[in-house]
Amino acid sequence: MLVTRTKSKIWVHNTSPNFSCPSFKDIQTLFSDDSNCNSPSPNKKPNIFHRVRRVSAVLRALSIRPGPDMPPKTLPKPESTPKETRKSEPLIQIPGAEKKIVIYFTSLRVIRSTFDDCKAVRSILRSFRVSIDERDVSMDAGFMEELKTILGVREKTKLSLPRIFIGGRYIGGAEEIRQLHEAGELKKYVEGLIPADFSTCGVCGGHRFILCDECSGSHKCYSEKGGFRTCTACNENGLIRCPSCYYAPITLL
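The rules we used
- Residues numbered from 1 in each chain as written.
- Predicted model: local features only at pLDDT ≥ 70, side-chain atom pairs only at ≥ 80, totals over all residues.
- Heavy atoms only, no water.
- Pairing = 2+ DSSP bridges.
- Helix = DSSP H or I, 4+ residues; strand = E, 2+ residues; numbered from the N terminus.
- Axes fitted to C-alpha atoms, helices over the stretch in contact; angles between N-to-C directions.
- Contact = heavy atoms within 4.5 Å.
- pLDDT = per-residue confidence, 0-100.
- Left-handed = near helix turned anticlockwise from the far one by under 90°.

**Student:** Even after reading the chapter, I still don't get the sheet that holds strand β3 (residues 101-105), so can you show me in this structure?
**Tutor:** Sheets are built from strands that pair by backbone hydrogen bonding, the pairs being arranged parallel or antiparallel. Read across the open sheet, the four strands follow the order β4-β3-β5-β6; overall the sheet is mixed. Across the chains shown, the open sheet's two edge strands, defined by having one partner strand only, are β4 (132-136) and β6 (169-172). Across the sheet, the axes of successive neighbouring strands diverge by a mean angle of 20 degrees, strand direction being ignored. Sheet topology places β3 next to β4; five bridges connect them, and they run parallel. Each residue of the ladder has a partner; that of Val102, found in β4, is Asp133. Along the sheet face, helix α5 (residues 112-126) touches β3, β4 and β5 (163-166) and points at about 165 degrees away from the line of β3. Across the sheet, helix α7 (residues 174-183) lies against β5 and β6, angled at about 90 degrees from β6, the strand it touches most.

**Student:** Quick question: what am I supposed to make of the confidence of the model for the protein chain here?
**Tutor:** Low-confidence regions, as indicated by low pLDDT, have predicted coordinates that should not be scrutinised in detail. Mean pLDDT over the protein chain works out to 76, with 63% of the residues at or above the 70 mark. Confidence drops under pLDDT 50 across residues 33-39; counting only partners more than four residues distant or on other chains, this segment forms four contacts.

**Student:** Help me out: how do you make sense of the packing of α5 against α7 in this one?
**Tutor:** Each pair of packed helices can be described by the angle between their axes along with the distance between the axes. Interhelical geometry of α5 versus α7 gives an angle of 35 degrees and a closest axis separation of 10 Å. Regarding α5 and α7, the two cross each other, and that crossing is left-handed. Residues Asp117, Ala120, Val121 and Ile124 of α5 lie in contact with α7, whose contacting residues are Ala174, Ile177, Arg178 and His181.

And the structure:
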C-alpha cells in the first residue's frame, strides 16, 4: 500500500492490523483499507493549484459571457479573395484597349519593392507574347494623371504601381497578377488578344519617346522678348511620344 507523507512515497507492508505501541495510536487509521484511503475526506481542502485553476476557469467564463446590455459577439468575416473583391468593385475600363494589355509602371529604382513588382509583372505578362502597352510614369508624369482619371481618384492621392488592364478591363496590381498566374487563370484573361509585335520602331528605337523638336530636349525655349520659357510641346523630361509606334491619347466616355 502507498502512503503519501509530505513529498516522499514509502511502500509499507501491512503485516498486522493492530499495534500496541501507544505512540502510533493513529497508525491503524493510516493503514486502513485502500478504499478508505483513496476516498477524500469531506473536510479536506483542495490543493492550492486546484483552487487557482478553478478561479481561472470561472473568470474566463465570466469574461466570455456577454452582459444583458452587451450585443452578442459576432465572429470576424473571412478576408475576401481577389475574385470576390473584383466582383464587388465597379467595372473600370479603358476605351480602345480591348485587344491588348495596358500596364502603368515605373522604371526608376527609388523604391526597391515597387521596382521589383513592376519588373516581375512585366516579365509575367511578356511571357504570354501578346500586345502590351507599357506606360512608364517616370518617363512622362502625364501617365500618372491619366491613371488617376481612369480610376477616379483625387489628384493628390498616391497610387501604388504597377496597375494592369487586360482587354481594357482593370485587373489590379502586382498581387492580383501573381495570384492569377499561380492559379493558372491569367491565361484565360489574355486569350484572344493581339499577338506581340517584336519588330523595332525605326523612329524611336523601341523607346516610344523622341526628343522634342522645339526645345531639343531641354524643356526650355528662348525668345528675345520673353527670354527663357517652359516648352509646352514636351513633357518634363523634354520628350514627346513617338508618333510612329505610340498609342493615341485615350478619351474617356
